[in-house]
Amino acid sequence: MTNDEKKQPFPFEKIAVALAFSPRIEAILAESKRLQDIFGSKMIFIHVGEKNPEQEKYLNQLLHGAGLDSPGNIILWEEGDPADVIIEKCREHSVDLIVAGALEKESLLKYFMGSVARKLCRRAKCSVLMLREPSLDSKPIRKIIVEGSDHPKTVHTIETAIYIGKKAKASDIHIIQESDVSKMALIRSENVSDKETEVRKEKIFKEENEKLEEILKCTDCDDLKINVERIEGKPGYVISSYAREQNADLLLLNSPDKKLNLLDRVFPHDIEYALSNLPCDLIIVHSRVEE
């Protein structure tokens, strides 16, 4: 593991933006400028494709118009597989956050084949922000939803959410503890009484609550309002549905523990529910210190 991979997932000192010459490029640059203003980051713009004078001039004009042409920001023109190139360049430049546009609902073909944004979420060694609907207009981050599962990575994901909330002056953060229905069903299926089943469930919930309380006790939340809620359902699906119902501005999830394959997408779980149908802007938090 390199020193960069041992870093905390925040602060966002360097932000890389994956750029393509699409109709949404101006909106993505506007979002990038807002991120730079919030976090005081250096920006790295990465375009994977052939460089020519016309495109170079056009991009420089766009960056100037968005107020992103400061000397501290850099532009990289690279060739190769987009996901591979972006991941490698982010590693070289010690990037803390990758920004990429995403479709709210990917087509079936793209879902199985995997878009560049989806590959970044699974393979990058830093956190990835997927913008559901990049906008030229300012979009304040007010309501943040964050995963509160019983997992070693969760502490870093919650701390990242609080860091973002404080920087963006969010109003509140909702920490969602998902009770895995399959785990609960396993407890019920064992040859024990209903009373013993409830005792076991309460013990699990108590242990999870104590771990979460310890995380929050050690984290400086300032004036942020922190709400904790437990919801029973399939991990990933429950929190994505909740974020959509609550009209959240940002959802933060732990990075996957392993490389996902085709079967993982045919039978979705965890982050796949969010990736296949984004409920809002999404950050996959790579803890780095745990990976």
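Keep in mind the model is a prediction, meaning the values are calculated, not measured.

### Topic: the overall build of the chain
Helix and strand counts for the chain stand at 11 helices and 10 strands. When the 291 residues of the chain are sorted by exposure, 47% land in the buried category.

### Thoughts on the pattern of salt bridges
Within the structure shown, the criterion is met by 11 salt bridges. Glu 56 is paired through a salt bridge with Lys 51; the nearest N and O atoms lie 3.4 Å apart. Residue Glu 88 is joined to Arg 91 by a salt bridge in which the shortest nitrogen-to-oxygen separation is 2.6 Å. Residue Glu 88 and its partner Arg 91 are both found in helix H3 (residues 82-92); the two are separated by three residues, about one turn of the helix. Classification of Glu 88 as partly exposed rests on a relative accessible area of 31%. Among the charged side chains, a salt-bridge network with shared partners connects Glu 31, Arg 34, Lys 139 and Asp 281.

### Thoughts on the pairing of strand E3 (residues 74-78)
By the bridge criterion, five bridges tie strand E2 (residues 42-48) to E3 in an arrangement that is parallel. Looking at the pairing, Ile 44 lines up with Ile 74 of E3. Handedness of the β-α-β unit built from E2, helix H2 (residues 53-65) and E3 comes out right-handed.

### Re H3
Along H3, the residues classified as buried are Ala 83, Val 85, Ile 86, Ile 87, Lys 89 and Cys 90. Tucked inside the fold, the buried residues of H3 contact strand E1 (14-19), E2, E3, strand E4 (97-101) and helix H5 (116-123). Directly after H3, the chain includes Ser 94, whose backbone phi takes a positive value near 55 degrees.

### A short note on the packing of helix H1 (residues 25-39) against H2
Between H1 and H2, the shortest axis-to-axis distance is 10 Å and the interhelical angle comes to 45 degrees. If you check the angle between H1 and H2, you find them oblique. Along this stretch, H1 crosses H2, giving a crossing that reads as right-handed. Where H1 abuts H2, its residues Ile 25, Glu 26 and Leu 29 lie against Tyr 58, Leu 59, Leu 62 and Leu 63. Of the residues assigned to the contact of H1 with H2, the class counts are six nonpolar, no polar and one charged.

### Some words on the environment of Glu 232
For Glu 232, the location among the structural elements is in strand E8 (residues 225-233). For Glu 232, a relative accessible area of 43% puts it in the partly exposed group. Spatially, the C-alpha atoms of Glu 232 and Ser 179 are 4.4 Å apart, while their sequence positions differ by 53 residues.

### Some remarks on the nonpolar core
Considering soluble globular proteins, one finds that nonpolar side chains tend to be buried as a cluster. Ranked by size, the top nonpolar core spans 40 residues in total, and within it Ile 15, Ile 144, Ile 164 and Leu 252 carry the most contacts. Take this core: its biggest share by element is six residues, from helix H6 (residues 154-168). When near neighbours in sequence (up to four residues on either side) are disregarded, Ile 15 contacts Leu 35, Phe 39, Ser 41, Lys 42, Met 43, Ile 44, Val 95, Leu 97 and Val 99. Among the nonpolar cores identified, the runner-up in size contains 37 residues, and Ile 98, Ala 117, Cys 121 and Ile 176 belong to it.

### Regarding the side chain of Ser 135
Residue position: Ser 135 is located in the loop between strand E5 (127-131) and strand E6 (143-147). Among the residues examined, Ser 135 registers a relative accessible area of 17% and is labelled buried. For Ser 135, the contacting residues outside a window of four places in its chain are Ala 27, Ala 30, Glu 31 and Arg 34.

Definitions and limits used
- Here the residue numbers are simple positions, counted from 1 along each chain's written sequence.
- Restriction of local features to residues with pLDDT of at least 70 applies here, the model being predicted, together with a cutoff of 80 or more for giving and counting side-chain atom pairs; totals for whole chains, interfaces and linings are based on all residues.
- Heavy atoms from the whole structure form the basis of all side-chain values; hydrogens and water molecules are not counted.
- Numbering of helices and strands starts at the N terminus; helices are DSSP runs of H or I of at least 4 residues and strands are runs of E of at least 2.
- Exposed residues in this analysis have more than 50% of their type's maximum accessible area, buried residues have under 20%, and partly exposed residues fall in between, with area computed by a 1.4 Å probe over protein chains only.
- Salt bridge, as used here: a side-chain nitrogen of Lys or Arg that lies within 4 Å of a carboxyl oxygen of Asp or Glu.
- One requirement defines pairing of two strands: DSSP has to find at least two bridges between them.
- Crossover handedness is defined here as right-handed if the route from the first strand over the helix to the second strand goes clockwise, with the strands pointing away from the viewer.
- Any two residues having at least one pair of non-hydrogen atoms within 4.5 Å are treated as being in contact.
- Note on geometry: axes are C-alpha line fits, over the in-contact stretch for helices, and angles between N-to-C directions span 0 to 180 degrees.
- Roughly parallel here means an angle under 35 degrees, roughly antiparallel means over 145, roughly perpendicular means 65 to 115, and every remaining angle is called oblique.
- Here a crossing is called left-handed whenever its near helix is offset anticlockwise from the far helix by less than a right angle, and right-handed whenever the offset is clockwise.
- Residues are sorted three ways: Asp, Glu, Lys and Arg are charged, Ala, Val, Leu, Ile, Met, Phe, Trp, Tyr, Cys and Pro are nonpolar, and all the rest, Gly among them, are polar.
- Take the buried residues of types Ala, Val, Leu, Ile, Met, Phe, Trp, Tyr and Cys, join any two whose side-chain atoms come within 4.5 Å, and each joined set is a nonpolar core.

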